[in-house]
Amino acid sequence: MQEINTREVSPQLNHFEKDYDQKLRPSNFSEYIGQKKIMANIELMVQSSKMRSAALDHLLLAGPPGLGKTSLGLLLAKEMGAQMHMISGPGVEKKGDLAAVLTNLQRGDLLFIDEIHRLPIAIEEILYSAIEDFRLDIIIGQGASARTMQIDLEPFTLIGATTRSGLLSNPLRDRFQASFHFDFYNSEELALIIQNNTQKLSLSLDQEAIFEISKRSRGTPRIANRILRRVRDFIVVKGSAQGTLPDVMKAMQLLDIDHCGLDQMDRKILTVMRDYYSNGPVGIEALSATLAEDKSTIEEVYEPYLLKEGFLIRTPRGRALTEKALQFLAEVKV
Ligand SMILES: Nc1ncnc2c1ncn2[C@@H]1O[C@H](COP(=O)(O)OP(=O)(O)OP(=O)(O)O)[C@@H](O)[C@H]1O
Ligand SMILES: [Mg+2]
């Protein structure tokens, strides 16, 4: 039971949700809410590249899962009238796979590489000349007889998406002409996203119901969508046209999301730090072993929000609980 709940509210996308997630993707720039600074830059870059009839600059989109990196990539393709090719860093196994994708790109196409920090380094190196000079350098043969063959590529745009920009190699990071870091959304922005998405799902929700979902979504549109989905189930089952605050509260209870928007795993992290490590500081290795949870999941998915909300702080000796976290744990009695 515990495992199911944890997965249900995690900001990561689970496989069953792909269609639902796609249906709720913003379909133009005006539907893309928040991230104002990023969008101001992006809209300028799009306009300029259209006026110059040149490919858009290479972009790095970094930030925790579920904040709209893929959605923005898709919007860019639409806005530029360009073809989008999507691949995922860990899915590329051989240099030849990436070379094939690159040589197939047409002028102005977008190449979106998800989880680009997980591209194997030997394969990543192919990208350097590809994005800098639109040229592919391929080494043929080995040892003294090895020679380099060069293939010209069409001008294209690389969009790299990453949840861990810190893990990107310097040569790759330096080759992006613009790099943007996504922030968690505030509750007004989330309320607007939920409002738009209720319409897309042909639902109707009270303002206070919408507001409650926005407060409990961990600043993450994907989680807001997930809660909305469960609220929809309640509305459908009760046979009413209107979703109310009690429907939202029941959904929260089922999903085990508390009044701060923290889920079971968040609370488990805080509790383990209090009970096993005297409130910290504790290193990520030790924490990951005690929680039986992957190190990178803790770092990429859970910690950013706990840090942002002031439940955790980072010290040179590891992460530690704050007074706010201890008070919270005492209140919710976990
Ligand atoms: N700015 C936004 N405006 C409206 N809806 C948004 C916005 N950002 C995200 N969403 C919603 O959240 C969902 C998840 O966003 P998306 O898949 O783009 O996140 P992501 O950053 O690519 O996550 P991951 O790191 O897991 O790949 C989208 O389907 C969309 O419904
Ligand atoms: Mg994505």
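Residues numbered from 1 in each chain as written. Chains lettered and ligands numbered in written order. Predicted model: local features only at pLDDT ≥ 70, side-chain atom pairs only at ≥ 80, totals over all residues. Heavy atoms only, no water.

Overview of the nonpolar core
Of all hydrophobic cores here, the largest spans 71 residues; its most connected members are I42, L59, L72, L76, I269 and L270. Per-element accounting of this core gives the leading share, 6 residues, to helix α10 (residues 221-238). Setting aside residues no more than four positions away along its own chain, I269 makes contact with L287, L291, I298, Y302 and L306. Core analysis: the next-biggest nonpolar cluster, separate from the first, contains 24 residues, L60, V92, Y128 and L136 among them. (Core = buried A, V, L, I, M, F, W, Y, C linked by side-chain atoms within 4.5 Å. Buried < 20%, exposed > 50% of the residue type's maximum accessible area, 1.4 Å probe, protein only. Helix = DSSP H or I, 4+ residues; strand = E, 2+ residues; numbered from the N terminus. Contact = heavy atoms within 4.5 Å.)

A closer look at the packing of aromatic side chains
By the definition in use, this model includes 3 aromatic pairs. Ring geometry for F184 against Y305: centres 5.3 Å apart, planes inclined by 75°, an arrangement best described as edge-to-face. Placement of F184 in the loop between β7 (178-181) and α8 (187-200) and of Y305 in helix α14 (residues 295-308) is noted, with a sequence separation of 121 residues between them. Pair check on accessibility: F184 and Y305 agree, each one buried. Between F311 and F328 the ring centres are 5.4 Å apart and the planes differ by 65°, which places this aromatic pair in the edge-to-face class. Of this pair, F311 sits in the loop between α14 and β10 (312-315) while F328 sits in helix α15 (residues 323-332), placing them 17 residues apart in sequence. Here the two residues F311 and F328 agree in accessibility, since each one is buried. (Phe/Tyr/Trp six-rings, centres within 6.5 Å; stacked < 30°, edge-to-face > 60°.)

Description of the pattern of salt bridges
Tallied over the full model, the rule gives 21 salt bridges. A salt bridge links E154 to R107; the shortest N-O distance between them is 4.0 Å. Here R107 lies in the loop between α5 (95-104) and β3 (110-114) and E154 lies in the loop between β5 (147-152) and β6 (157-162), a separation of 47 residues in the sequence. Of the residues examined, R107 reaches a relative accessible area of 60% and is grouped as exposed. Note that D133 and R135 form a salt bridge whose closest N and O atoms lie 3.5 Å from each other. Each of D133, R135 and D137 takes part in salt bridges that share partners, so that together they form one network. (Salt bridge = Lys/Arg side-chain N within 4 Å of Asp/Glu carboxyl O.)

Some points on the sheet that holds β3
The strand order across the open sheet formed by 5 strands is β2-β3-β6-β1-β7, and the pairing between neighbours is parallel. One side of each edge strand has no neighbouring strand; the edge strands of this open sheet are β2 (84-88) and β7. Recorded for the sheet is a direction-independent mean angle of 15° between the axes of neighbouring strands. One ladder, built from 4 bridges, connects strand β1 (residues 59-62) with β6; its direction is parallel. The partner of L59 across the bridge, within β6, is I159. (Pairing = 2+ DSSP bridges. Axes fitted to C-alpha atoms, helices over the stretch in contact; angles between N-to-C directions.)

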